[in-house]
Amino acid sequence: MALTGCKKFLDEKPDLNRVQPSRAEDLYALLDNAMEINGKFTGFIEMGCDDYTLNASAYSELSTFYQDVYIWKPDLIYTVADITLQWLNAYTPIMTANVVEESLDRLDHISETDRKLLKGRALFVKGLAYSVLAQTFAEPFNAKSENLGKGIVWRNSSDPNEKSIRLNVGQSYERIIALLEEAAQLLPESASDSTKPSKEACYALLSRIYLWMQDYERSLYYSELALALNNHLIDYSKVDGSPLFPFTAMNEETLYFAYCNGSMTTLQNTADVSEELYDSYEEDDLRKTLYFYEKSPGQIGFRGHYMGMDFGSFVGPTVAELYLIKAECQVRLGNTDQGMVTMGILLENRWRKKADGASSLDLPSFSIGEDALRYILKERRKELVFRGARWADLRRLNLDERFAITIERSIDMDGKAVKYTLPPNDRRYTYPIPKEVEEKLGSNEK
């Protein structure tokens, strides 16, 4: 379809930047706009995974684009609205952060304290935004390859006349890590609220990224740095399960509040939780009741959003994710017993308490590291459901034949079940960028 009037999708500045900032207060206002900075991540990070299903009625009510997304159609045809929601919005935080950085270079009257904090915040915003894009629009990172495949589209500035470039996979991760490492040097240990980045959030995000890269030593290192700053877990036995959404936004476990608002196939009234996933929770596991509810007989819905509402999937780093990363890395590095101790700390805060106040958790022990790893990966999926983690996990775990899986979906078409599959390492694990954007890209830097 022709997209006249949309030639500047990638290169448009956010509306907030039409007036050139002239004071530190203007730059803080740009970065404090949570709707533009914290809530613009692509829904692709959640829509392709195997944690949910759609019945025929829900599927039929989707637009053609989202029907194609659900069945993993390889060549998606974007409409104007789809480009805005899944692509342009995802670059809004990046463009805003570029404006902040360029303004800092231009304005010499801003104090050193403000300059340091604003620079750190802008770098983190870009690092997180690019990291989500790397899990959706870039090929998976493989520690055993040169990573020369298609990476993320990079914006060097907010200048609409400067072409964007597409990096390769290796370059993408190098630049994302560089952003976050510099940000960690500039940001305070914690922030006044979790809509703002901090050193602990930087460390958590670096730990996540190194896990994606299969660099378990560095991932463990950063998980421990982050946990040294914040190791607070919510005791789920103290959470009131009577509200429809039991968890509040920006709760104690949230290191940085971020969400995607374009997961059109996973909305509460649309998606049913995978029966296989739901059945994996034991009865004394409080996540079974705090995360899920019965929508109707045989249909389970998700309510455990760390957003306090069903507005999109939470994608920010949490303390719980850090414990899972730490445990996985410990086991992968040969410290199985330590990894299980780490898992116990998390899971004791997730299981029902006995009359004497002790946890009902009966944590298993393993003599074989691979068995412990399988257990941790299973718990990782159960803990981080609808938090933007599963798609990235499928991509990285598919590189190891021990954990590679083919995921399936079935749609009832005129009384006949039509099955769709997504094999390990399929090219559809990388979403296509809109052709209208691809045609405008500049040449990559060497």
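Above this text is the structure in question.
Basis of the calculations
- Residues numbered from 1 in each chain as written.
- Predicted model: local features only at pLDDT ≥ 70, side-chain atom pairs only at ≥ 80, totals over all residues.
- Heavy atoms only, no water.
- Helix = DSSP H or I, 4+ residues; strand = E, 2+ residues; numbered from the N terminus.
- Rg over C-alpha atoms; globule rule 2.2 N^0.38 Å.
- Buried < 20%, exposed > 50% of the residue type's maximum accessible area, 1.4 Å probe, protein only.
- Areas by Shrake-Rupley, 256 points an atom, 1.4 Å probe, with all protein chains shown as cover.
- Lys, Arg positive; Asp, Glu negative; His and termini not counted.
- Charge placed at Lys NZ, Arg CZ, Asp CG, Glu CD.
- Contact = heavy atoms within 4.5 Å.
- Salt bridge = Lys/Arg side-chain N within 4 Å of Asp/Glu carboxyl O.
- Axes fitted to C-alpha atoms, helices over the stretch in contact; angles between N-to-C directions.
- Parallel < 35°, antiparallel > 145°, perpendicular 65-115°, else oblique.
- Left-handed = near helix turned anticlockwise from the far one by under 90°.
- Nonpolar A, V, L, I, M, F, W, Y, C, P; charged D, E, K, R; others polar.

### Quick notes on the overall build of the chain
And step 1. In terms of helices and strands, the chain carries 17 helices and 10 strands.
And step 2. Taking 2.2 N^0.38 as the reference for a compact globule, 446 residues should give roughly 22 Å; the C-alpha atoms of the chain span a radius of gyration of 22 Å, in line with that estimate.
And step 3. Overall, the chain is about 65 × 55 × 45 Å in size when its C-alpha atoms are taken along their principal axes.
And step 4. Taken across its 446 residues, the chain has 58% of its residues classed as buried.
And step 5. Approximately 18,700 Å² of the chain is accessible, and the part contributed by carbon and sulfur atoms is 48%.
And step 6. Measuring between centres, the 52 positive side-chain charges of the chain sit 3 Å from its 68 negative side-chain charges.

### Observations concerning the side chain of E383
And step 1. Relative to the helices and strands, E383 resides in helix α15 (residues 369–383).
And step 2. The exposure class of E383 is buried, given its relative accessible area of 0%.
And step 3. Excluding residues within four positions of it along the chain, E383 makes contact with Y236, R287, Y291, A320, L324, L346 and R350.

### Some remarks on unusual backbone geometry
And step 1. Although it is not a glycine, W72 adopts a positive phi angle of roughly 60°.
And step 2. Mapped onto the fold, W72 is located in the loop between α5 (64–70) and α6 (80–106).
And step 3. One non-glycine residue, N147, adopts positive backbone phi at about 55°.
And step 4. Mapped onto the secondary structure, N147 falls in the loop between α7 (112–134) and β2 (150–154).
And step 5. The exposure class assigned to N147 is buried, which follows from its relative accessible area of 8%.

### With respect to helix α16 (residues 390–397)
And step 1. Of all 8 residues that make up α16, 8 are buried, and the element is covered over most of its length.
And step 2. R390, W391, A392, D393, L394, R395, R396 and L397 are the residues of α16 that are buried.

### Digging into the side chain of D82
And step 1. Summarising the element assignment, D82 is placed in helix α6.
And step 2. Despite its burial, D82 pairs with no opposite charge, the nearest such side chain being K73 at 12 Å.
And step 3. Leave out the neighbours within four places in its chain, and D82 touches F65, Y66, I77 and W87.

### Section: the pattern of salt bridges
And step 1. Tallying each qualifying case throughout the model produces 33 salt bridges.
And step 2. With its nearest N and O atoms 2.8 Å apart, the salt bridge here joins R390 to D50. With a gap of 340 residues between them, R390 in helix α16 and D50 in the loop between α3 (44–47) and β1 (52–53) connect regions that are remote in the sequence. Residues R390 and D50 agree in their burial class; the two are buried.
And step 3. Between D426 and R428 there is a salt bridge; the shortest N-O distance is 2.9 Å.

### Some words on the packing of helix α14 (residues 336–347) against α15
And step 1. The interhelical angle for the contact between α14 and α15, taken along N-to-C directions, is 25°, at an axis separation of 10 Å. The orientation of α14 relative to α15 falls into the category roughly parallel. Relative to α15, the crossing made by α14 is left-handed. Counting all contacts with α14, which are made through T336, M340, M343, L346 and L347, the residues of α15 involved are G369, A372, Y375, I376, E379 and E383.
And step 2. Each residue belonging to the contact of α14 with α15 can be placed in one class, and the counts come to 7 nonpolar, 2 polar and 2 charged.

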